[in-house]
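Descriptive analysis of the structure
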Amino acid sequence: MNAYDDGADVERTFAALPPAQGRGFARTWWGRTWLTALEGTALDTQQLKAGRRLARAGAVGAVSVRPGRITAVVQDRDRTPHRADVLLQELSGEQWDRFLDMTAERAGHVAALLDREMPTHLVEDAELAGVELLPGLGDLEPECGCGAWDHCAHTAALCYQVARLLDQDPFVLLLMRGRDERALLEAFHARGDASAGRSASGAEGVDAAEAYAAGDILPSLPGLPVLPPEPGTPPSLDTETGPAAGIDASALGHLAARTAVRAHLLLAEALRDGPGERAAEPEPSVARDAVRLAAGEPPRAVADRLAEGSGRGREGLAVAVRAWRHGGGAALAVLDEEWTVRGDSLARARAALESAWEADERPALRSRANHWTVVDAPVQLRLGRDGRWWPYRKERGRWVPAGGPAQDPATALATAEGAGAK
């Protein structure tokens, strides 16, 4: 591996992803190509299958990405941790120069990357310039603390999780190849400015026909604003003057703090998703909003008011807060609603349960309405109206949410079982 100066010291760490929904780990063509490089190289298909199970169960910890290497701690089903690394050859300085020159000449390539897309023509143009961006067979080299010399379940699980990161942001791949996003954007702009300077020093005018023909070529986009590291802090309400009658200063301070958190989240989503209209969210009910506010860890007096106002009481509100933290309003609806599954929904649910496990691994389930409970075990699956499965676990005689949703019931059940092992 050769470390290129502009990216050698750069590292991005991604928090552990929740269990994968459904059976697929890659939605984009470049994410699937990444997995093809893994699956076409590994000699033991059983290790790949075991890796998919670990990734699907959320056994892969935080993923560190830096030039030439990705790293994570992966836990076996018995919770034994192993450090897993996968190495990918960095591009040389000459290759980066060719890639940057090619990309700077085609502003659409830069715009696509900023939209978190990697179109096929960008990769094809890079190949014509002698630069291989995506890994091929044998390019993903495994290293694992378990001692395996080929891809094991731990390195395979890491690769499956990284495919999900690549779906979200192709700059992750470019960082593995040796350059981080900031260095690339600076290089794009520098080449754009140099190109503009050469044009200005040339002929005094521009041919009208050439200008018209180039009208659909967009200039380089400016860089996105930087997201503040954390929400802002509301002004202190602790003053010498007491609050007016009927004003609860601690409750008002909590509302202001939660509003700052919500604004920070909306800004993060806008920067991630880019420009475009966002669907308006329905106005929440008072009972639902009480749960949202309670999830922000309010002062005890405010929490007591929310417990009373929501009609849930302290214990019921604590369970509702757990649900909210796993999936917001959708998770709260699954906690509160019990409904009869009929028709096509029932047929799809039965088909999902039938295909989720091998015949000898399928648990015995007892169904009631949209609840499927494992016989003689304190774990349960709940089907949401959107077709997703939610894990539940019985604690102190009460069913409580154990994790986020999954399209695959086996994934949800593994989450519920894993919650009991913690």
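Residues numbered from 1 in each chain as written. Predicted model: local features only at pLDDT ≥ 70, side-chain atom pairs only at ≥ 80, totals over all residues. Heavy atoms only, no water.

Quick notes on the overall build of the protein chain
- Per the secondary structure count, the protein chain includes 15 helices and 10 strands.
- Counted over contacts in the protein chain with a minimum sequence separation of 6, partners at least 24 positions apart contribute 66%.
- Roughly 23100 Å² of accessible area belongs to the protein chain as shown, and the carbon and sulfur atoms make up 51% of that amount. (Helix = DSSP H or I, 4+ residues; strand = E, 2+ residues; numbered from the N terminus. Contact = heavy atoms within 4.5 Å. Areas by Shrake-Rupley, 256 points an atom, 1.4 Å probe, with all protein chains shown as cover.)

With respect to the sheet that holds strand β8 (residues 379-383)
- Strand order in this open sheet of 5 strands is β6-β7-β8-β9-β10, and the pairing throughout is antiparallel. Two strands bound the open sheet, and with one partner strand each, they are β6 (365-368) and β10 (398-401). The mean angle between the axes of side-by-side strands here comes to 30°, regardless of whether they run parallel or antiparallel.
- Here β8 runs beside strand β9 (residues 389-395); their pairing, made up of 5 bridges, is antiparallel. What sits directly across from Gln380, in β9, is Tyr392.
- On top of the sheet, helix α13 (residues 313-336) reaches β8, β9 and β10; it is set at about 50° to β10, its chief contact. (Pairing = 2+ DSSP bridges. Axes fitted to C-alpha atoms, helices over the stretch in contact; angles between N-to-C directions.)

Some words on the packing of aromatic side chains
- Applying the stated criterion to the full structure yields 4 aromatic pairs.
- Centroid distance Trp96 to Phe99: 5.7 Å. Interplanar angle 75°. Geometry classified as edge-to-face. Taken together, the residues Trp96 and Phe99, both in helix α3 (residues 93-104) and 3 residues apart, mark about one turn of the helix. Both residues of the pair, Trp96 and Phe99, belong to the buried class.
- A ring pair is formed by Trp372 and Trp389, whose centres lie 5.3 Å apart and whose planes are at 65°; its orientation type is edge-to-face. Within this pair, whereas Trp372 is found in strand β7 (residues 371-374), its partner Trp389 is found in strand β9, the two being separated by 17 residues in sequence. The two residues Trp372 and Trp389 agree in class, both being buried.
- Between the NZ or CZ atom of Arg382 and the centre of the ring of Tyr392, over which it lies, the distance is 4.0 Å. (Phe/Tyr/Trp six-rings, centres within 6.5 Å; stacked < 30°, edge-to-face > 60°. Buried < 20%, exposed > 50% of the residue type's maximum accessible area, 1.4 Å probe, protein only. Lys NZ or Arg CZ within 6 Å of the ring centre and 35° of its normal.)

Structural notes on the packing of helix α1 (residues 29-39) against helix α6 (residues 153-168)
- At their nearest, the axes of α1 and α6 sit 8 Å apart, and the two run at 165° to each other. With respect to each other, α1 and α6 are oriented roughly antiparallel. Of the two possible hands of crossing, α1 and α6 adopt the one that is right-handed. Residues Trp30, Gly31, Trp34, Leu35, Leu38 and Glu39 of α1 lie in contact with α6, whose contacting residues are Ala156, Cys159, Tyr160, Val162, Ala163, Leu166 and Asp167.
- Residues of the contact of α1 with α6, tallied by class, amount to 10 nonpolar, 1 polar and 2 charged. (Parallel < 35°, antiparallel > 145°, perpendicular 65-115°, else oblique. Left-handed = near helix turned anticlockwise from the far one by under 90°. Nonpolar A, V, L, I, M, F, W, Y, C, P; charged D, E, K, R; others polar.)

Some points on the nonpolar core
- Counting 43 residues, the largest nonpolar core has Trp34 and Met176 as the members making the most contacts within it.
- Elements represented by at least two residues in this core include exactly α1, α2 (45-56), β2 (63-66), β3 (69-75), β4 (81-87), α6 and α7 (171-176).
- Setting aside its immediate chain neighbours within four residues, Met176 contacts Trp34, Val65, Arg66, Pro67, Gly68, Ile70, Leu88, Glu90, Val162 and Leu166.
- One finds Ala290, Val302, Ala323 and Ala331 within the second-largest nonpolar core, a separate group that totals 21 residues. (Core = buried A, V, L, I, M, F, W, Y, C linked by side-chain atoms within 4.5 Å.)

A short note on unusual backbone geometry
- The residue Glu297 is not glycine, and still its phi comes out positive at about 55°.
- Of note, Glu297 is situated in the loop between α11 (286-294) and α12 (300-310).
- We note that Arg396 has phi near 50°; this positive angle belongs to a residue other than glycine.
- With respect to the helices and strands, the residue Arg396 is situated in the loop between β9 and β10.
- For Arg396, a relative accessible area of 81% corresponds to the exposed category.

Description of the packing of α11 against α13
- For the pair α11 and α13, the least separation of the axes is 9 Å and the interaxial angle reads 105°. By the angle between their axes, α11 is roughly perpendicular relative to α13. Within the contact between the two elements, α11 uses Arg288, Val291, Arg292 and Ala294 and α13 uses Leu317, Ala320, Val321, Trp324, Arg325, Gly329 and Leu332.

Quick word on α6
- With 16 residues, α6 extends 23 Å between its outermost C-alpha atoms, agreeing within 8% with the 22 Å of an ideal straight helix rising 1.5 Å per residue.
- Burial analysis of α6 places 15 of its 16 residues in the buried class, which makes it a mostly covered element. (Expected span 1.5 Å × (residues − 1).)

Considering the sheet that holds β2
- Strand order in this open sheet of 5 strands is β1-β2-β3-β4-β5, and the pairing throughout is antiparallel. Edge positions in the sheet fall to β1 (12-14) and β5 (141-144), since each has one partner strand and no second. Across the sheet, the axes of successive neighbouring strands diverge by a mean angle of 20°, strand direction being ignored.
- Relative to β5, β4 runs antiparallel, the two sharing 4 bridges. When the bridges of β5 are listed, Asp85 appears paired with Glu143.
- The sheet contacts of α6 involve β1, β2, β3, β4 and β5, and relative to β4 the element is tilted by about 60°.

Some thoughts on α2
- With 12 residues, α2 should cover 16 Å at 1.5 Å per step; its first-to-last C-alpha distance of 16 Å lies within 8% of that length.
- Within α2, burial applies to Leu48, Gly51, Leu54, Ala55 and Arg56.
- Measuring from the backbone nitrogen of Gln46 back to the side-chain oxygen at the start of α2 gives 2.9 Å, which picks out Asp44 as the cap.
- After α2 finishes, the residue Gly58 shows a positive phi value of roughly 80°. (Polar contact = N/O pair within 3.5 Å; in protein donor to acceptor, adjacent residues only side chain to side chain.)

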